[in-house]
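Given next are the chains, with one letter for each unit.
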Amino acid sequence: EVERLPRPAWRGGGALYASRVAAILLRHRRWADLVYCRDLIGAAAAAELALPVVYEAHSIPAGRWRPHLLRRILAAPSTVGLVAISQALANDLTAAKLVPRGRTVVVAHDAADIPDVDAGTRTDSDPGRPRIGYVGSLYPGRGVDVVIELARRFPDLPFEVIGGTAPDLARWRSQHLPPNLDMVGFVPPGKLPGRYRRLDVLLMPYPRSSRVAATSTA
């Protein structure tokens, strides 16, 4: 069962989210065998309630309080372990002295199926014009505005943006997109190899930090 919790963007929204997470964990405290988290707040709440917890790290915690919170989670007696999504991240966590002595870091690499197609095969009927694309989320902070600006500056080149929720698509489409940019919307992962084969250039216009003040669910 999936229970969705809002994390409002307004001031105090994070505290509201944290209190709701703690309330749910408290409700499930008697029967939960393990709490597996990729969210610091949830892992901290579980550790404070003495629940067995595993934290999955996707990056080095930024800011003033996040590194301290991770150290507190990993030092808690009920914490079972730490998972990192790459060996490089595991090394960085240890080098940053965020992992207590004796704490084992399990590396579980992010993974993807290797397509059994020739990724270099161009399927577009116009080989004279390079196709430029972006695949990913469309929420603020992902660099979609950069892709749109590039399309305006190069009106003779076709641009393709793949992904995004219905509200995200509606917001961007309301901004008078250039005619050479096609917002395709969500494409199932299994069909992405064919989309990639249509592109000559794949853009990743991410900022230095992808943390944005946007409403999300967890």
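What counts as what
Residues numbered from 1 in each chain as written. Predicted model: local features only at pLDDT ≥ 70, side-chain atom pairs only at ≥ 80, totals over all residues. Heavy atoms only, no water. Helix = DSSP H or I, 4+ residues; strand = E, 2+ residues; numbered from the N terminus. Contact = heavy atoms within 4.5 Å. Areas by Shrake-Rupley, 256 points an atom, 1.4 Å probe, with all protein chains shown as cover. pLDDT = per-residue confidence, 0-100. Pairing = 2+ DSSP bridges. Axes fitted to C-alpha atoms, helices over the stretch in contact; angles between N-to-C directions. Patch = residues over 30% accessible without salt bridge, like charges linked within 9 Å, V, L, I, M, F, W, Y side chains within 5 Å. Salt bridge = Lys/Arg side-chain N within 4 Å of Asp/Glu carboxyl O. Buried < 20%, exposed > 50% of the residue type's maximum accessible area, 1.4 Å probe, protein only. Right-handed = clockwise from strand over helix to strand, strands pointing away. Polar contact = N/O pair within 3.5 Å; in protein donor to acceptor, adjacent residues only side chain to side chain. Parallel < 35°, antiparallel > 145°, perpendicular 65-115°, else oblique. Left-handed = near helix turned anticlockwise from the far one by under 90°. Nonpolar A, V, L, I, M, F, W, Y, C, P; charged D, E, K, R; others polar.

Draft legend 1. How the structure looks around the overall build of the protein. The helix and strand tally for the protein stands at seven helices and ten strands. A separation of at least 24 residues holds for 61% of the contacts in the protein among residues at least 6 apart in sequence. When the accessible area of the protein is evaluated, it comes to approximately 13800 Å², of which 55% is carbon and sulfur surface.

Draft legend 2. Spatial organisation of the confidence of the model for the protein. In this model, the protein carries an average pLDDT of 86, and 88% of its residues clear a pLDDT of 70 or more. Below a pLDDT of 50 lies the segment residues 210-218, which in the model reaches 19 contacts outside its immediate sequence neighbourhood of four places, other chains included.

Draft legend 3. Here's a closer look at the sheet that holds strand E9 (residues 201-202). Taken together, four strands build an open sheet; the order of strands is E8-E7-E6-E9 and the sheet is parallel. A single partner strand is all that each edge strand has here, and the edge strands are strand E8 (181-185) and E9. Pairing geometry for strand E7 (residues 159-162) and E8, over four bridges, is parallel. Paired with Ile162 across the bridge in E8 is Gly185. Against the sheet, helix H5 (residues 144-153) touches strand E6 (132-135), E7 and E8, its axis set at about 145° to E8.

Draft legend 4. The arrangement of a nonpolar patch on the surface in detail. On the surface, Leu34, Tyr36 and Val80 cluster together into a nonpolar patch covering about 300 Å² of accessible area. Checked against the element boundaries, Val80 lands in strand E4 (residues 79-84).

Draft legend 5. Focus on the sheet that holds strand E5 (residues 105-107). If you trace the four strands from one edge of the open sheet to the other, you get E2-E3-E4-E5, paired in parallel fashion. Edge positions in the sheet fall to strand E2 (35-37) and E5, since each of these pairs with one other strand and no more. Neighbour-to-neighbour, the strand axes of the sheet open up by a mean angle of 25°, direction not taken into account. Two strands pair when backbone bridges link them, and E4 and E5 are joined in this way by three bridges, in the parallel orientation. From the neighbouring strand, Val83 faces E5, where its bridge partner is Val106. The sheet strands contacting helix H4 (residues 87-95) are strand E3 (53-57), E4 and E5, and the helix crosses E4 at an angle near 125°.

Draft legend 6. Spatial organisation of the environment of Val144. Inspection of the secondary structure assignment puts Val144 in helix H5. Accessibility expressed as a relative area gives 2% for Val144, which makes it buried. Between the C-alpha atom of Val144 and that of Trp172, which follows or precedes it by 28 residues, the distance is 8.8 Å. With residues up to four places along the chain from it excluded, the contact list for Val144 reads Tyr134, Ser137, Leu138, Trp172 and Met183.

Draft legend 7. Expanded view of the pairing of E7. Burial of E7 is two-sided: the residues Phe159 and Val161 facing one way and the residues Glu160 and Ile162 facing the other way are all buried. Of the pairings in the sheet, the one linking E6 to E7 comprises four bridges and is parallel in character. By the bridge assignment, Ile132 is partnered in E7 with Phe159. Tracing the backbone out of E6, into H5 and back to the parallel element E7 gives a crossover that is right-handed. As for the winding sense of the linkage, the β-α-β connection from E7 through helix H6 (residues 166-173) to E8 is right-handed.

Draft legend 8. Highlighting the environment of Arg7. In this fold, Arg7 is placed in strand E1 (residues 6-7). Using a relative accessible area of 24% as the deciding quantity, one classes Arg7 as partly exposed. A sequence separation of 13 residues divides Arg7 from Arg20, and the C-alpha atoms of the two residues are 9.7 Å apart. Side-chain polar atoms of Arg7 contact the side chain of Asp39, separated by 3.0 Å.

Draft legend 9. Representation of the packing of helix H2 (residues 40-48) against helix H3 (residues 65-75) within the structure. In the contact formed by H2 and H3, the axes pass within 9 Å of each other and the chain directions differ by 40°. In terms of orientation, H2 lies oblique with respect to H3. For the element pair H2 and H3, the recorded crossing hand is left-handed. Facing Leu40, Ile41, Ala43, Ala44 and Glu48 of H2, the residues of H3 in contact are Trp65, Arg66, Leu69, Leu70, Arg72 and Ile73. Along the lines of polarity and charge, the residues of the contact of H2 with H3 split into eight nonpolar, no polar and three charged.

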